[in-house]
Amino acid sequence: MIRRLAWTFSIPWSLALPLLMPAVPLVLGGPVIAQDAQSGVKVIEVRVTSAQRNSTVIDRGTLDGLVKMDRVVLRPRGGRRFEGTIIRIGERAAVVELDDALAVPEPGTRGEVRVPESRLAALVVPVAPANTSAVPTETAPTTEQQGAQEHPPWERTDDGWDSKQPLLARVRPLRPYERDSRMSGRVYTIDDFNTNTEGNTKDTFLRMGASVLYENVFGKGGDLHIDGEVNYRKTDVPDNDNAQSTNLRLDRFSYAWGGDRFSPNRVEVGRFLHHGVPEFGVLDGIEWDRRMEGGNTFGFSSGYLPEPSADLKTWRDLGFATWYRWVYDESEIFSMTGAYEKTFHNYDADRDLFIAKVEYLPGGGWTFNGTAWLDYYGGTDPAKGTGIELTQAYVTTGRVFESGSSLRFTYTHQAFPEISRYEFTPVTQQQLADDHNDRVAFYGRQAIGKWIGFSGRAGIWKDQTNDGGDAELGIDVEDLIFDGSRFEASAFGTHGRFTDDAGWRASVSAINPHSVWRLGYEFTLNRIDGFQNNNNDIPQHRIGASWETHSDNGWDFSLNAALLLYDTETAVLSSLLLQKSF
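What counts and what doesn't
- Residues numbered from 1 in each chain as written.
- Predicted model: local features only at pLDDT ≥ 70, side-chain atom pairs only at ≥ 80, totals over all residues.
- Heavy atoms only, no water.
- Helix = DSSP H or I, 4+ residues; strand = E, 2+ residues; numbered from the N terminus.
- Buried < 20%, exposed > 50% of the residue type's maximum accessible area, 1.4 Å probe, protein only.
- Contact = heavy atoms within 4.5 Å.
- Areas by Shrake-Rupley, 256 points an atom, 1.4 Å probe, with all protein chains shown as cover.
- Pairing = 2+ DSSP bridges.
- Axes fitted to C-alpha atoms, helices over the stretch in contact; angles between N-to-C directions.
- Phe/Tyr/Trp six-rings, centres within 6.5 Å; stacked < 30°, edge-to-face > 60°.
- Lys NZ or Arg CZ within 6 Å of the ring centre and 35° of its normal.
- Core = buried A, V, L, I, M, F, W, Y, C linked by side-chain atoms within 4.5 Å.
- Polar contact = N/O pair within 3.5 Å; in protein donor to acceptor, adjacent residues only side chain to side chain.
- Salt bridge = Lys/Arg side-chain N within 4 Å of Asp/Glu carboxyl O.
- pLDDT = per-residue confidence, 0-100.

1. Thoughts on the overall build of the protein chain
Check the secondary structure of the protein chain and you find six helices and 28 strands. Split into buried and exposed, the 582 residues of the protein chain put 42% on the buried side. Contacts spanning at least 24 positions in sequence make up 50% of the contacts within the protein chain whose residues lie at least 6 apart. Carbon together with sulfur atoms contributes 57% to the accessible area of the protein chain, which is approximately 32,000 Å² in total.

2. Overview of the sheet that holds strand 5 (residues 94–98)
Hydrogen bonds between backbone atoms are what pair the strands of a sheet, whose relative direction is either parallel or antiparallel. The strand order 1-2-5-4-3-6 describes a closed barrel built from six strands, whose pairing is antiparallel. Neighbour-to-neighbour, the strand axes of this sheet turn through a mean angle of 40°, independent of strand direction.

3. Quick look at the packing of aromatic side chains
In this structure the tally under the stated criterion is 15 aromatic pairs. Members of the aromatic cluster, each reached through a chain of ring pairs, are Trp326, Tyr328, Phe334 and Tyr360. Of note, Arg233 hangs over the ring of Phe205, and the distance from its end group to the ring centre comes to 4.9 Å. Here Lys342 stacks its cationic end above the ring of Phe344, 5.7 Å away from the centre of that ring.

4. So, the environment of Asp100
With respect to the element layout, Asp100 can be found in the loop between strand 5 and strand 6 (110–116). Owing to a relative accessible area of 19%, Asp100 belongs among the buried residues under this scheme. Sequence separation of Asp100 and Arg53 is 47 residues, and the distance between their C-alpha atoms is 9.5 Å.

5. Some points on the nonpolar core
Residues Ile58, Leu66, Val72, Leu74 and Ile86 are the most contacted members of the largest nonpolar core, which totals 17 residues. Among the elements of the structure, strand 1 (41–52), strand 3 (71–75), strand 4 (82–89), strand 5 and strand 6 are those that each provide at least two residues to this core. With four residues, strand 1 is the largest single contributor of residues to this core. Counting residues in hydrophobic clusters, the runner-up holds 13 residues, among them Phe354, Ile388, Leu390 and Ala393.

6. Thoughts on the side chain of Asp251
Along the chain, Asp251 falls in strand 10 (residues 243–260). At a separation of 2.7 Å, a polar atom in the side chain of Asp251 contacts the side chain of Arg249.

7. Quick word on the pattern of salt bridges
For the coordinates displayed, the defined rule picks out 35 salt bridges. Note that Arg266 and Glu268 form a salt bridge whose closest N and O atoms lie 2.8 Å from each other. On the accessibility criterion, Arg266 (13% relative accessible area) is buried. By relative accessible area, Glu268 is classed as buried at 1%. Overlapping salt bridges, with partners in common, bring together Arg88, Arg445, Asp476, Glu478, Arg486 and Glu488 in one network.

8. Regarding the confidence of the model for the protein chain
Summary statistics for the protein chain give a mean pLDDT of 82 and a share of 83% for residues scoring 70 or more. Low pLDDT (under 50) marks residues 1–39, which in the prediction has 60 contacts with non-local residues, meaning those over four places away or in another chain. Overall, residues 125–148 carries pLDDT values under 50, and its contacts beyond four positions in sequence, including any with other chains, amount to five contacts.

9. Focus: the side chain of Glu522
Within the element layout of this structure, Glu522 appears in strand 25 (residues 515–528). On the accessibility criterion, Glu522 (15% relative accessible area) is buried. For Glu522, the side chain forms a polar contact with the side chain of Thr524, separated by 3.4 Å. The residues contacting Glu522, other than those within four sequence positions of it, are Phe492, Trp504, Arg505, Gln540, His541 and Arg542.

10. Concerning the environment of Asp501
On the secondary structure map, Asp501 appears in strand 24 (residues 499–511). Along the primary structure Asp501 and Asn526 are separated by 25 residues, whereas in three dimensions their C-alpha atoms are 4.7 Å apart. When residues no more than four places from it in sequence are discounted, the contact partners of Asp501 are Phe492, Gly493, Thr494, Thr524, Leu525, Asn526 and Arg527.

11. So, the pairing of strand 21 (residues 452–463)
The pairing of strand 20 (residues 436–448) with strand 21 spans 12 bridges and is antiparallel. When the sheet's bridge partners are listed, Gly444 is paired in strand 21 with Gly456. The antiparallel pairing of strand 20 with strand 21 creates a hairpin that spans three residues between the two strands, and Gly449 there sits at a positive phi of about 70°. Pairing analysis gives 11 bridges linking strand 21 to strand 22 (residues 467–478), with the strands arranged antiparallel. Looking across to strand 22, one finds that Ile452 is bridged to Val477. The turn joining strand 21 and strand 22, which pair antiparallel and follow one another in sequence, is formed by three residues.

12. Quick word on unusual backbone geometry
Positive phi, close to 80°, is recorded for Trp315, a residue that is not glycine. Structurally, the position occupied by Trp315 is in the loop between strand 13 (297–304) and strand 14 (317–327). If you check the backbone angles, Asp479 has positive phi at about 60° while not being a glycine. Structurally, Asp479 can be placed in the loop between strand 22 and strand 23 (485–495).

Pasting the structure below:
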């Protein structure tokens, strides 16, 4: 369908680029798809516990199967996707460097890491002695010496098993409904407190929530997911126009069954993020997926689409979607997805959205991820006319080398789709027709031995009226101040639409098996357009500190504080996270 329409309508360069980019990793990395086949991949769910520029901490570490240089995908509630690389790791926490240097995801942001199942299996396999024959057999205590009773004869024997078969070859795996019911999840509070001497403004934002998974809750093999929060916000301003609000968010309440080795069909009902194509967002309805022999999948969904607001209002937008995902083999290293969604606003036809995805994620070499959102407009859309428009795109390709060096290129595109659904602040028809933003960014790091690394990043952007860019050069040194420490320093500059910034920053941090801490200083000189000469330069000093700890019994605690000094004003920012996993 998309190919036929491409012959009908002219394709701009911003649309052609993400469609041609899949060839990049194949050219650079060569035909290595079959050679990198893995036995399987498991998705590890993570949460952001704290975030600063160039440093985002997640609540999973080596005990969960993660290793340095693993790729992390974060999915904030606002819908924008962030990707990054683990640069430091402890037993129960890891530090992620995001591809987007300007991104600072809020604490509590959900994410995922794809981990080979072979790595997870190695975590629980006991290590046998190198030479068992060297261990004297007489040192092993007998049953009588231990004072234990003699074990009755085993009811299950090894009849029919030989040494050439796997140890559990003849053990029948338990089906989902045969497993014990189990509850897991987390409860948390995330609190932000900000004050500013300019007008004595204060802002308080408190969040309390829980995420719970009940496995085999009804004895039928299905899983019940519940995610919810209570949000409280209070803002005090000098003109007595204070604001205070309380919202109850129900981000997920769904029941899912199937989709395992015993059933190729997976069904989920309730409120949940689309499983087959997460880019379609949250759904109040039903989704069905079917996995075919060889690993290809297809599916359908229908239901209402909650608005992306504080209280997730629903019942105004109805959607129907379908998709097909092709994989090169069952390892799912290389996959392509095509999807379509039709929506109705107050039961009037609204959006025709196509999504195209390409993913190439080998164990080594160049990786690639590209997603394009394409809107089709008919004659009833005055700002867009008739045709196809690329309204959003995210394309990234890169590689991490064994030496610790890395390269990554990223392209993003954003435009306003013409829809009736409430997703954006209302804009004019001229803005709908013209407003867009395109950005191309590069990041590279050169490792010098095991302790020193030089990094650089640069990006250029262009919108409907202006263009600009940013650049940063930095150095990081391991164990410079003491064992386990990391020193980082960089200089940066930004040319924006209304401001030009230049500055430098430095920090020292350490990650231990159960804790992470960081101290940093940043100076920025902001030049703001449109002011008189004596007011257009604003120097800003930022002193920041963070500390968090992760206990063996599932408690996580994070504390962040920053002091901002600019011109004649002062601001204090602080936040804390307290979380209990069970």
